[in-house]
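Working through the structure, step by step
One-letter residues, chain by chain:
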Amino acid sequence: MTNTSPSADSPISPESEKLNFSTKLAYGAGDMGTAITAMLLISFLSPFLTDVAGLAPGLAGKTQLVGKVWDAVNDPLVGVLSDRTQSRWGRRYPWMIWGAVPFGVFFFLQWVVPRFSNTENINQWGLFFYYTIISILFNTFYTVVNLPYTALTPELTQDYNERTSLNSFRFTFSIGGSILSLLLALVIAQLIPNDRGQQFLILGGICAVFSVLPLYWCVWGTRKRAAAVAAKHPETEQPVSLPVLQQLKLILNNRPFLFVVGIYLFSWLAVQVTAGIIPYFVGSLMRLGQTEINLVLLLVQGTALSMLFVWGAISKRVGKKAVYFMGMSVWILAQAGLFFLQPGQVGLMYFLAAMAGLGVSTAYLIPWSMLPDVIELDELRTGQRREGIFYSFMVFLQKICLGLAVWLMLESLGWAGYIKPTAAIPLPEQSDAVDMVIRIAIGPLPTLALLAGLVLAYFYPITREVHAEILLQLQERRAERGARE
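What counts, and at which threshold
Residues numbered from 1 in each chain as written. Predicted model: local features only at pLDDT ≥ 70, side-chain atom pairs only at ≥ 80, totals over all residues. Heavy atoms only, no water. Helix = DSSP H or I, 4+ residues; strand = E, 2+ residues; numbered from the N terminus. Buried < 20%, exposed > 50% of the residue type's maximum accessible area, 1.4 Å probe, protein only. Contact = heavy atoms within 4.5 Å. Areas by Shrake-Rupley, 256 points an atom, 1.4 Å probe, with all protein chains shown as cover. Core = buried A, V, L, I, M, F, W, Y, C linked by side-chain atoms within 4.5 Å. Phe/Tyr/Trp six-rings, centres within 6.5 Å; stacked < 30°, edge-to-face > 60°. Axes fitted to C-alpha atoms, helices over the stretch in contact; angles between N-to-C directions. Parallel < 35°, antiparallel > 145°, perpendicular 65-115°, else oblique. Left-handed = near helix turned anticlockwise from the far one by under 90°. Nonpolar A, V, L, I, M, F, W, Y, C, P; charged D, E, K, R; others polar. pLDDT = per-residue confidence, 0-100. Polar contact = N/O pair within 3.5 Å; in protein donor to acceptor, adjacent residues only side chain to side chain. Salt bridge = Lys/Arg side-chain N within 4 Å of Asp/Glu carboxyl O. Patch = residues over 30% accessible without salt bridge, like charges linked within 9 Å, V, L, I, M, F, W, Y side chains within 5 Å. Bend = angle between axes of the 7 residues up to and from the residue.

The next subject is the overall build of the protein chain. Looking only at helices and strands, the protein chain features 18 helices and 0 strands. Within the span of the protein chain, comprising 485 residues, buried residues form 60% of the whole. Considering only residue pairs separated by 6 or more positions, the protein chain has 85% of its internal contacts joining residues 24 or more positions apart. Of the roughly 18600 Å² of accessible surface on the protein chain, a fraction of 69% belongs to carbon and sulfur atoms.

Here we take up the nonpolar core. One finds F44, W111, F281 and W331 to be the most contacted residues of the largest nonpolar core, which totals 133 residues. Among the elements that make up this core, the one with the highest residue count is helix α14 (residues 346-382) (17 residues). Discounting residues that sit within four places of it in the chain, F44 has contacts with W111, L182, A185, F200, Q290, I293, N294 and L297. In terms of nonpolar packing, the next biggest core, distinct from the first, is built from 5 residues, L269, V273, L402 and A449 among them.

Evaluation of the coordinates by the stated rule reveals 24 aromatic pairs. Between Y27 and Y149, the aromatic rings sit 4.9 Å apart at their centres with planes inclined by 25°, giving stacked as the arrangement. One end of the pair, Y27, is in helix α2 (residues 21-29); the other, Y149, is in helix α6 (residues 120-150), with 122 residues separating them in the sequence. Accessibility expressed as a relative area gives 0% for Y27, which makes it buried. Ring centres of F48 and W111 lie 5.1 Å apart, and the angle between their planes is 70°; this geometry places the pair in the edge-to-face category. Remark: W111 occurs in the loop between α5 (93-109) and α6 and F48 occurs in helix α3 (residues 32-52); sequence separation between them is 63 residues. Side by side, F48 and W111 carry an identical accessibility label, which is buried.

Attention shifts here to the packing of helix α12 (residues 290-318) against helix α13 (residues 320-340). It is the contact of α12 with α13, at a shortest axis distance of 7 Å, that shows an interaxial angle of 130°. If you check the angle between α12 and α13, you find them oblique. Of the two possible hands of crossing, α12 and α13 adopt the one that is right-handed. Facing α12, whose interface residues are W311, I314, S315 and V318, α13 presents K320, A322, V323, M326 and G327. Along the lines of polarity and charge, the residues of the contact of α12 with α13 split into 6 nonpolar, 2 polar and 1 charged.

So, on to the packing of α13 against α14. Here α13 crosses α14 at 145°, and the two axes come no closer than 8 Å. As α13 packs across α14, the resulting crossing turns out to be left-handed. Of the residues in α14, those in contact with K320, V323, Y324, G327, M328, V330, W331, L333, A334, Q335, G337 and L338 of α13 are L352, M355, A356, L358, G359, V360, T362, A363, I366, S369, M370 and D373. Here the residues of the contact of α13 with α14 sort into 16 nonpolar, 6 polar and 2 charged.

Right, let's get into the confidence of the model for the protein chain. Scored by pLDDT, the protein chain has a mean of 82; 89% of the residues are at 70 or more. Mean pLDDT values for the elements of the protein chain range from 48 in helix α1 (residues 14-17) up to 93 in α5. Here residues 1-16 is a poorly scored stretch, pLDDT under 50, and it has 23 contacts once near neighbours within four places are set aside; other chains count.

Next up on the list: the side chain of Q64. Here Q64 is to be found in helix α4 (residues 57-84). Overall, the relative accessible area of 12% leaves Q64 in the buried class. Engagement of the side chain of Q64 in a polar contact is seen with the side chain of S46, the distance being 2.9 Å. Setting aside anything within four residues of it in sequence, one finds Q64 in contact with L45, S46, L49, V406 and L410.

As enumerated under the stated definition, the model contains 5 salt bridges in all. E429 is paired through a salt bridge with R287; the nearest N and O atoms lie 3.8 Å apart. Of this pair, E429 sits in the loop between α15 (387-416) and α16 (432-442) while R287 sits in the loop between α11 (255-285) and α12; the two residues are 142 residues apart in sequence, bridging distant segments of the chain.

With that out of the way, let us pick up a nonpolar patch on the surface. A cluster of nonpolar side chains, I202, I206, V209, F210 and L213, forms an exposed patch at the surface whose accessible area comes to about 390 Å². Examined against the element boundaries, V209 turns out to sit in helix α9 (residues 196-232).

Helix geometry: α3 is bent most strongly at F44, by close to 50°, with proline P47 lying one to four residues after it. Among the 21 residues in α3, 20 count as buried, and that is most of the element. Within two residues after α3, G54 carries a phi angle of roughly 85°, on the positive side.

Time to look at the environment of P372. Here P372 is to be found in helix α14. With relative accessibility at 0%, the residue P372 sits in the buried group. Sequence separation between P372 and E155 is 217 residues; the distance between their C-alpha atoms is 9.5 Å.

Once that is clear, we can look at the environment of S82. Looking at the element boundaries, S82 is found in helix α4. In sequence terms S82 and L147 are 65 residues apart; their C-alpha atoms lie 8.8 Å from each other.

As for its placement among the helices and strands, S431 is situated in the loop between α15 and α16. Residue classification places S431 among the partly exposed residues on the basis of a relative accessible area of 31%. Taking C-alpha positions, S431 is 8.8 Å from I419, a pair spaced 12 residues apart along the chain.

Dropping the structure here:
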């Protein structure tokens, strides 16, 4: 009986596929900086724009929508260009090296509050255009460093379990970076309790530096491994020659990829909508302050971090699909509980936040572990490695949907009559309509997204055995090609 387990006796030699600890550590570090910026923007940009910069909720939603739409548009562009890049550093690393510093600079500029006019209407539009331009520039360089980074996974290993392990390291740093940013926010809020503008400015400056340095660690620590894999498997570094529209047609015909896109989209819709509404939920609805907001966010991320390697170990035993079902089921219960939560139920709020963290952990780990498997199926069908276009199209749809979701959430707050906090009234009493908008965003909206993700995960066709067969066929093709050459 043939053993199809993709482990030590998989078709690729084990000594070439097992990654050493330092390589995994360096690879994981590459996601820390982008996670720091993403966590702060998801959690605090909306309340910063409405409550500190003073933008009307509608304009705050529009500026984020424009940034997300542009971010989605530039993803396929960078993906295709990185697939076609040829340099002594390979396809991905030049983008990370040259994009890191501008990425940090434009992140910091998002926390500056300029004054354009003493006339409120003129100043509102000045702020809108300022934050929109900065958002476009930041999202451009976010893509420049992050998309080539995410496309490194299949260029470092082809082993099924090693990819899950690699992504465990990646998301340990990712969640760790998120926790670090929230801890810094908590400390700065304690040191400067009465000036939120100064809090965000200092936080943005510190985190801008912390976001740049790990990218260079990643390049330095993984380059030799990527070069070794490229030497053994030259096809991983061959530039893609197909026209973009033909590439898009091929990936849209890759049925398992469409499942992964949907799973990722719905999982991260739940993650980011929940994180974005938490400051309004804890502040306006639960009547608590910035310290409690930070603690809730920390509890979600801390639980997610503590469970990451647990879920990774369970995945090796029962598979990715089963782990996803376990995490999402707990998370759905948590979101339903948050919808019914009442002011004063602070202990229950923290408990539900920890439950949500169990599911968030699998949302980090599982979809990104599935994607490299889909890319190899595409290579089997087309004979080309096209990681960049796959990764970029995956996040293209996600960012469009998230931009629309954040815009709709802020527009709804504005329509419902959201009252901005002031120095005199830091926690204004909101209307029942505003409270209901917040409850829907914390409960039913993410719950529906998670249920949709579960349906797609149930029908996802690539199992561990199917992936092992794909690798076997790829090895046979490469051996035939080598014999002919």
